[in-house]
Amino acid sequence: MRQVVDECFQCKLCYTQCPYTVAEGHEFALDFPRLMLRAKAVRRRSSGIPLRDRMLADPDRLGRIGTATAALANWVNGLRLNRVAMEVVAGIHRDKRLPRFASRSFESWFRRQTDGAELTASGRHPVVLFGTCFANYNRPEVVRRPSGC
């Protein structure tokens, strides 16, 4: 049972395929995704949140650190010894390709370029841009020059 709970990432496909749901009119009225979420919550309450989950729960913190130390972070992430340590400590497989950190985040670049505003024919207008943490810290060039523009 623990393996099933650990490997669930809440895609909810089990709900759409399960014949024991309320939607299917079954008397069990099973909501498997909710059961998995509840099982994780009960385990976290009794045994705490694992280091890996705490680290990966805040991608902005990791991104800020990685971007601030991009050259060092990228070099260290390429070292085999570090990758083995990451596997032991955080459960990140040693052969998993990790994205490289950019030396400057998109957010930092954007602020410097535009002061947070876009100049148009009629004047300055505030701009709201919702980028992903991956684009912000790892691939800011994707957001700087989107295709089709």
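Residues numbered from 1 in each chain as written. Predicted model: local features only at pLDDT ≥ 70, side-chain atom pairs only at ≥ 80, totals over all residues. Heavy atoms only, no water.

(A) Focus on the layout of surface pockets. A volume near 730 Å³ is recorded for the largest pocket. Lining the largest pocket are 27 residues, with Leu-62, Asn-77, Met-86, Leu-98 and Phe-101 positioned closest to its centre. For the lining of the largest pocket, the elements supplying multiple residues, two or more each, are helix H4 (51-56), helix H5 (59-68), helix H6 (70-77), helix H7 (80-90) and helix H9 (133-137). (1 Å grid on protein atoms, 1.4 Å probe; cavity = no way out; pocket = protein on both sides within 12 Å on 5 of 7 lines; lining within 4 Å. Points joined across faces, edges and corners; volume = space filled by probe spheres on them. Helix = DSSP H or I, 4+ residues; strand = E, 2+ residues; numbered from the N terminus.)

(B) Structural view of the packing of aromatic side chains. Under the defined criterion, the tally for this structure stands at 3 aromatic pairs. Each ring, one from Tyr-20 and one from Phe-28, has its centre 5.5 Å from the other, and the planes form 25°; the classification is stacked. A relative accessible area of 37% places Tyr-20 in the partly exposed class. Given the relative accessible area of 55%, Phe-28 is considered exposed. Aromatic ring contacts, followed pair by pair, group Phe-106, Trp-109 and Phe-110 into a single cluster. Directly above the ring of Trp-109 sits Arg-144, whose terminal nitrogen or CZ lies 5.2 Å from the centroid. (Phe/Tyr/Trp six-rings, centres within 6.5 Å; stacked < 30°, edge-to-face > 60°. Buried < 20%, exposed > 50% of the residue type's maximum accessible area, 1.4 Å probe, protein only. Lys NZ or Arg CZ within 6 Å of the ring centre and 35° of its normal.)

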